Amino acid sequence: MSRPSEHSAMLGPGLAVVAYALLSLQDASVKILVATHPVWQMLLLRSLFVVAISLAVGARSGLLRRTARAQRMPGLIWRGLLILAAWSCYYTASRDLELAQMTTIYFAAPLIVTGLSVALLRESVPLRLWLSTGLGFVGVIVACSPGEIGSLLPVVLVLAAAVFWALNAILIRSISAYVESDVQMLVANVAFIAFCAPLMFWMWAPLSWRDLFWMAGVACISACSQYALLESYRLAPASIIAPFEYTLLVCSFILSYLIWGVVPTLPVWIGAGMICAAGLLTILFQVGLARARAAAGGPAKQGQ
(Lines give C-alpha, C1' and ligand atoms only; values in the text may rest on other atoms or scores of the structure.)
Protein backbone atom coordinates (compact mmCIF):
# COMPACT_ATOMS: atom_id res chain seq x y z
CA MET A 1 0.00 0.00 0.00
CA SER A 2 1.34 3.42 -0.89
CA ARG A 3 2.17 6.23 1.45
CA PRO A 4 -0.60 8.76 2.19
CA SER A 5 -0.78 11.80 -0.07
CA GLU A 6 -0.34 15.32 1.27
CA HIS A 7 -4.15 15.66 1.24
CA SER A 8 -4.63 12.54 3.39
CA ALA A 9 -1.73 13.66 5.59
CA MET A 10 -3.87 16.65 6.55
CA LEU A 11 -7.28 14.92 6.45
CA GLY A 12 -6.26 11.99 8.66
CA PRO A 13 -5.18 14.12 11.65
CA GLY A 14 -8.11 16.48 11.07
CA LEU A 15 -10.59 13.62 11.31
CA ALA A 16 -8.81 12.39 14.42
CA VAL A 17 -9.29 15.77 16.13
CA VAL A 18 -13.02 15.72 15.28
CA ALA A 19 -13.32 12.10 16.48
CA TYR A 20 -11.66 12.76 19.82
CA ALA A 21 -13.74 15.88 20.45
CA LEU A 22 -16.89 13.82 19.91
CA LEU A 23 -15.53 10.99 22.06
CA SER A 24 -14.97 13.45 24.89
CA LEU A 25 -18.59 14.56 24.63
CA GLN A 26 -19.66 10.91 24.62
CA ASP A 27 -17.54 10.19 27.71
CA ALA A 28 -19.10 13.06 29.63
CA SER A 29 -22.61 11.92 28.70
CA VAL A 30 -21.97 8.29 29.62
CA LYS A 31 -20.33 9.33 32.91
CA ILE A 32 -23.61 10.99 33.86
CA LEU A 33 -25.67 7.97 32.79
CA VAL A 34 -23.57 5.29 34.54
CA ALA A 35 -24.08 7.08 37.85
CA THR A 36 -27.57 5.53 37.92
CA HIS A 37 -27.39 2.66 35.40
CA PRO A 38 -25.07 -0.36 34.90
CA VAL A 39 -22.15 0.17 32.52
CA TRP A 40 -23.04 -2.91 30.49
CA GLN A 41 -26.59 -1.66 29.99
CA MET A 42 -25.32 1.67 28.68
CA LEU A 43 -22.91 -0.05 26.31
CA LEU A 44 -25.66 -2.35 25.04
CA LEU A 45 -28.15 0.44 24.38
CA ARG A 46 -25.51 2.64 22.77
CA SER A 47 -24.54 -0.21 20.44
CA LEU A 48 -28.16 -0.97 19.54
CA PHE A 49 -28.67 2.64 18.48
CA VAL A 50 -25.36 2.70 16.56
CA VAL A 51 -26.26 -0.49 14.66
CA ALA A 52 -29.67 0.97 13.78
CA ILE A 53 -28.04 4.19 12.52
CA SER A 54 -25.41 2.25 10.55
CA LEU A 55 -27.99 0.04 8.84
CA ALA A 56 -30.20 3.01 7.97
CA VAL A 57 -27.33 5.04 6.52
CA GLY A 58 -25.67 2.08 4.82
CA ALA A 59 -28.78 0.55 3.24
CA ARG A 60 -28.17 2.07 -0.20
CA SER A 61 -24.51 1.08 -0.26
CA GLY A 62 -25.26 -2.55 0.58
CA LEU A 63 -23.72 -2.51 4.04
CA LEU A 64 -25.07 -5.92 5.02
CA ARG A 65 -23.83 -7.51 1.78
CA ARG A 66 -20.38 -5.94 2.15
CA THR A 67 -20.21 -7.03 5.78
CA ALA A 68 -21.08 -10.63 4.88
CA ARG A 69 -18.23 -10.64 2.34
CA ALA A 70 -15.76 -8.73 4.51
CA GLN A 71 -12.17 -9.94 4.75
CA ARG A 72 -10.44 -10.56 8.10
CA MET A 73 -13.65 -11.14 10.02
CA PRO A 74 -11.81 -12.65 13.05
CA GLY A 75 -9.78 -9.44 13.29
CA LEU A 76 -12.96 -7.36 13.13
CA ILE A 77 -14.52 -9.36 15.95
CA TRP A 78 -11.37 -9.13 18.06
CA ARG A 79 -11.36 -5.37 17.50
CA GLY A 80 -14.92 -5.16 18.79
CA LEU A 81 -14.02 -7.12 21.92
CA LEU A 82 -10.97 -4.93 22.56
CA ILE A 83 -13.11 -1.79 22.37
CA LEU A 84 -15.69 -3.40 24.65
CA ALA A 85 -12.99 -4.23 27.20
CA ALA A 86 -11.55 -0.71 26.99
CA TRP A 87 -14.88 1.07 27.41
CA SER A 88 -16.14 -1.22 30.18
CA CYS A 89 -12.97 -0.53 32.21
CA TYR A 90 -13.03 3.18 31.42
CA TYR A 91 -16.68 3.81 32.21
CA THR A 92 -16.55 1.71 35.38
CA ALA A 93 -13.70 3.93 36.57
CA SER A 94 -15.72 7.04 35.66
CA ARG A 95 -17.91 6.50 38.72
CA ASP A 96 -14.97 7.27 41.02
CA LEU A 97 -12.82 9.71 39.01
CA GLU A 98 -13.47 13.16 37.60
CA LEU A 99 -13.64 13.29 33.81
CA ALA A 100 -10.47 15.40 33.47
CA GLN A 101 -8.57 13.25 35.96
CA MET A 102 -9.70 10.02 34.32
CA THR A 103 -8.82 11.22 30.83
CA THR A 104 -5.38 12.32 31.99
CA ILE A 105 -4.53 8.89 33.39
CA TYR A 106 -5.82 7.31 30.19
CA PHE A 107 -3.20 9.15 28.19
CA ALA A 108 -0.71 6.37 28.45
CA ALA A 109 -2.51 5.11 25.30
CA PRO A 110 -0.98 7.40 22.62
CA LEU A 111 2.56 6.57 23.71
CA ILE A 112 1.67 2.87 23.71
CA VAL A 113 0.30 3.23 20.16
CA THR A 114 3.51 4.81 18.91
CA GLY A 115 5.58 2.04 20.48
CA LEU A 116 3.37 -0.76 19.22
CA SER A 117 3.28 0.72 15.71
CA VAL A 118 7.02 0.05 15.58
CA ALA A 119 6.83 -3.44 17.09
CA LEU A 120 3.71 -4.75 15.32
CA LEU A 121 3.32 -2.70 12.13
CA ARG A 122 7.03 -2.10 11.54
CA GLU A 123 6.36 1.56 10.89
CA SER A 124 9.41 3.78 10.83
CA VAL A 125 8.90 6.46 13.50
CA PRO A 126 11.36 9.35 13.05
CA LEU A 127 13.08 10.88 16.07
CA ARG A 128 11.16 14.14 15.67
CA LEU A 129 7.86 12.26 15.95
CA TRP A 130 9.06 10.45 19.07
CA LEU A 131 10.01 13.83 20.55
CA SER A 132 6.62 15.38 19.79
CA THR A 133 4.82 12.34 21.26
CA GLY A 134 7.06 12.51 24.30
CA LEU A 135 6.31 16.22 24.69
CA GLY A 136 2.60 15.45 24.70
CA PHE A 137 3.04 12.72 27.29
CA VAL A 138 5.07 15.03 29.55
CA GLY A 139 2.23 17.51 29.18
CA VAL A 140 -0.14 14.82 30.47
CA ILE A 141 2.06 14.28 33.52
CA VAL A 142 2.21 18.03 34.20
CA ALA A 143 -1.55 18.39 33.81
CA CYS A 144 -2.20 15.46 36.13
CA SER A 145 -1.81 15.75 39.91
CA PRO A 146 -0.72 12.21 40.88
CA GLY A 147 -0.74 13.01 44.57
CA GLU A 148 -4.47 13.72 44.44
CA ILE A 149 -5.37 10.28 43.09
CA GLY A 150 -6.88 8.26 45.94
CA SER A 151 -8.29 4.78 45.25
CA LEU A 152 -6.01 2.55 43.20
CA LEU A 153 -8.63 0.38 41.47
CA PRO A 154 -10.12 3.10 39.21
CA VAL A 155 -6.58 4.06 38.18
CA VAL A 156 -5.78 0.44 37.27
CA LEU A 157 -9.01 0.20 35.27
CA VAL A 158 -8.16 3.34 33.27
CA LEU A 159 -4.63 2.07 32.56
CA ALA A 160 -6.10 -1.26 31.43
CA ALA A 161 -8.45 0.67 29.14
CA ALA A 162 -5.43 2.50 27.71
CA VAL A 163 -3.72 -0.80 26.85
CA PHE A 164 -6.89 -2.24 25.24
CA TRP A 165 -7.42 0.94 23.23
CA ALA A 166 -3.78 0.97 22.06
CA LEU A 167 -4.10 -2.61 20.81
CA ASN A 168 -7.34 -1.64 19.07
CA ALA A 169 -5.63 1.31 17.35
CA ILE A 170 -2.92 -0.98 16.00
CA LEU A 171 -5.52 -3.50 14.82
CA ILE A 172 -7.46 -0.74 13.04
CA ARG A 173 -4.34 0.16 11.09
CA SER A 174 -3.71 -3.45 10.04
CA ILE A 175 -7.22 -4.05 8.67
CA SER A 176 -8.38 -0.64 7.44
CA ALA A 177 -6.74 -1.16 4.04
CA TYR A 178 -8.98 -4.20 3.46
CA VAL A 179 -12.27 -3.38 5.22
CA GLU A 180 -14.43 -0.26 4.88
CA SER A 181 -14.93 1.88 7.99
CA ASP A 182 -18.70 1.40 8.13
CA VAL A 183 -18.25 -2.40 8.01
CA GLN A 184 -15.76 -2.25 10.88
CA MET A 185 -18.15 -0.13 12.91
CA LEU A 186 -21.11 -2.45 12.30
CA VAL A 187 -19.20 -5.63 13.23
CA ALA A 188 -17.75 -4.06 16.38
CA ASN A 189 -21.14 -2.95 17.65
CA VAL A 190 -22.80 -6.27 16.83
CA ALA A 191 -20.05 -7.92 18.90
CA PHE A 192 -20.92 -5.50 21.72
CA ILE A 193 -24.57 -6.52 21.56
CA ALA A 194 -23.79 -10.24 21.45
CA PHE A 195 -21.64 -9.97 24.57
CA CYS A 196 -23.73 -7.52 26.60
CA ALA A 197 -27.25 -8.78 25.89
CA PRO A 198 -27.06 -11.96 28.03
CA LEU A 199 -25.83 -9.88 30.99
CA MET A 200 -29.09 -7.96 31.04
CA PHE A 201 -30.82 -10.89 32.80
CA TRP A 202 -28.88 -9.79 35.91
CA MET A 203 -28.05 -6.11 35.28
CA TRP A 204 -31.07 -4.47 33.67
CA ALA A 205 -32.25 -1.26 35.32
CA PRO A 206 -35.49 0.63 34.50
CA LEU A 207 -35.15 3.39 31.92
CA SER A 208 -37.20 6.52 31.46
CA TRP A 209 -38.04 8.06 28.10
CA ARG A 210 -35.53 10.77 28.92
CA ASP A 211 -32.81 8.13 29.42
CA LEU A 212 -33.64 6.54 26.06
CA PHE A 213 -33.64 9.89 24.28
CA TRP A 214 -30.30 10.79 25.87
CA MET A 215 -28.80 7.44 24.90
CA ALA A 216 -29.98 7.90 21.31
CA GLY A 217 -28.11 11.20 21.23
CA VAL A 218 -25.01 9.54 22.68
CA ALA A 219 -25.26 6.85 20.00
CA CYS A 220 -25.35 9.47 17.22
CA ILE A 221 -22.25 11.12 18.67
CA SER A 222 -20.60 7.73 19.05
CA ALA A 223 -21.37 6.67 15.46
CA CYS A 224 -19.87 9.88 14.05
CA SER A 225 -16.79 9.64 16.28
CA GLN A 226 -16.18 5.98 15.43
CA TYR A 227 -16.43 6.61 11.70
CA ALA A 228 -14.14 9.64 11.83
CA LEU A 229 -11.57 7.75 13.89
CA LEU A 230 -11.59 4.73 11.58
CA GLU A 231 -11.12 6.97 8.57
CA SER A 232 -8.25 8.81 10.25
CA TYR A 233 -6.37 5.54 10.82
CA ARG A 234 -7.07 4.51 7.23
CA LEU A 235 -5.58 7.73 5.88
CA ALA A 236 -2.50 8.06 8.11
CA PRO A 237 -0.11 5.78 10.05
CA ALA A 238 -1.02 4.91 13.63
CA SER A 239 2.12 6.67 14.90
CA ILE A 240 0.96 9.92 13.24
CA ILE A 241 -2.62 9.75 14.54
CA ALA A 242 -1.63 8.77 18.10
CA PRO A 243 -0.43 12.21 19.30
CA PHE A 244 -3.74 13.79 18.26
CA GLU A 245 -5.50 11.78 20.91
CA TYR A 246 -4.13 14.38 23.33
CA THR A 247 -6.85 16.76 22.09
CA LEU A 248 -9.27 14.51 23.97
CA LEU A 249 -7.66 15.73 27.19
CA VAL A 250 -8.22 19.39 26.34
CA CYS A 251 -11.87 18.71 25.48
CA SER A 252 -12.35 16.80 28.72
CA PHE A 253 -11.04 19.71 30.78
CA ILE A 254 -13.45 22.06 29.02
CA LEU A 255 -16.42 19.74 29.58
CA SER A 256 -15.43 19.15 33.21
CA TYR A 257 -15.69 22.89 33.77
CA LEU A 258 -18.92 23.37 31.80
CA ILE A 259 -20.76 20.39 33.32
CA TRP A 260 -19.30 19.88 36.80
CA GLY A 261 -17.71 23.28 37.49
CA VAL A 262 -14.18 21.86 37.83
CA VAL A 263 -11.79 24.79 37.24
CA PRO A 264 -8.45 23.77 35.65
CA THR A 265 -5.38 24.66 37.71
CA LEU A 266 -2.20 26.26 36.38
CA PRO A 267 -0.47 22.88 35.83
CA VAL A 268 -3.47 21.82 33.76
CA TRP A 269 -3.11 24.86 31.49
CA ILE A 270 0.66 24.31 31.15
CA GLY A 271 0.15 20.64 30.34
CA ALA A 272 -2.59 21.41 27.84
CA GLY A 273 -0.28 23.91 26.11
CA MET A 274 2.42 21.25 25.82
CA ILE A 275 -0.11 18.79 24.41
CA CYS A 276 -1.31 21.28 21.79
CA ALA A 277 2.29 22.08 20.87
CA ALA A 278 2.99 18.38 20.38
CA GLY A 279 0.00 18.07 18.05
CA LEU A 280 1.05 21.12 16.04
CA LEU A 281 4.60 19.80 15.66
CA THR A 282 3.22 16.50 14.39
CA ILE A 283 1.07 18.25 11.76
CA LEU A 284 3.99 20.35 10.55
CA PHE A 285 6.27 17.34 10.37
CA GLN A 286 3.74 15.19 8.50
CA VAL A 287 2.90 17.89 5.94
CA GLY A 288 6.60 18.65 5.40
CA LEU A 289 7.31 14.95 4.88
CA ALA A 290 4.49 14.63 2.34
CA ARG A 291 5.77 17.65 0.40
CA ALA A 292 9.31 16.29 0.43
CA ARG A 293 8.10 12.96 -0.99
CA ALA A 294 6.11 14.75 -3.70
CA ALA A 295 9.15 16.85 -4.62
CA ALA A 296 11.28 13.69 -4.77
CA GLY A 297 8.99 12.19 -7.40
CA GLY A 298 6.26 10.22 -5.63
CA PRO A 299 5.39 8.13 -2.60
CA ALA A 300 7.94 5.92 -1.02
CA LYS A 301 7.57 2.30 -0.10
CA GLN A 302 5.34 1.57 2.90
CA GLY A 303 7.07 0.70 6.14
CA GLN A 304 10.46 2.19 5.30
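Note that the structure is predicted; figures quoted are calculated from it, not measured.

## A word on the overall build of the protein chain
Step number 1: When its secondary structure is counted, the protein chain shows 14 helices and 0 strands.
Step number 2: Counting every position in the protein chain, which comprises 304 residues, the buried fraction comes to 52%.
Step number 3: Counting contacts in the protein chain only where the partners sit at least 6 residues apart, residues at least 24 apart contribute 92% of the total.
Step number 4: Approximately 13700 Å² of the protein chain is accessible, and the part contributed by carbon and sulfur atoms is 71%.

## With respect to the confidence of the model for the protein chain
Step number 1: On average, residues of the protein chain score 79 in pLDDT, and 83% of them reach the 70 mark or higher.
Step number 2: Mean pLDDT values for the elements of the protein chain range from 65 in helix H6 (residues 109-119) up to 90 in helix H9 (residues 181-196).
Step number 3: The model gives residues 299-304 a pLDDT under 50, and that stretch makes 14 contacts with residues more than four places away or in other chains.

## So, the environment of His37
Step number 1: Topologically, His37 is positioned in the loop between helix H1 (6-33) and helix H2 (39-57).
Step number 2: Using a relative accessible area of 6% as the deciding quantity, one classes His37 as buried.
Step number 3: Sequence separation of His37 and Trp204 is 167 residues, and the distance between their C-alpha atoms is 8.2 Å.
Step number 4: Apart from residues lying up to four places away in sequence, His37 is in contact with Met42, Arg95, Ala205, Pro206, Leu207 and Asp211.

## Some points on the nonpolar core
Step number 1: Tyr20, Trp87, Tyr106, Val158 and Trp165 are the most contacted members of the largest nonpolar core, which totals 74 residues.
Step number 2: The contacts of Val158, once residues within four sequence positions are left out, are Tyr90, Ala93, Leu97, Met102, Ile105 and Tyr106.

Conventions used here
Residues numbered from 1 in each chain as written. Predicted model: local features only at pLDDT ≥ 70, side-chain atom pairs only at ≥ 80, totals over all residues. Heavy atoms only, no water. Helix = DSSP H or I, 4+ residues; strand = E, 2+ residues; numbered from the N terminus. Buried < 20%, exposed > 50% of the residue type's maximum accessible area, 1.4 Å probe, protein only. Contact = heavy atoms within 4.5 Å. Areas by Shrake-Rupley, 256 points an atom, 1.4 Å probe, with all protein chains shown as cover. pLDDT = per-residue confidence, 0-100. Core = buried A, V, L, I, M, F, W, Y, C linked by side-chain atoms within 4.5 Å.

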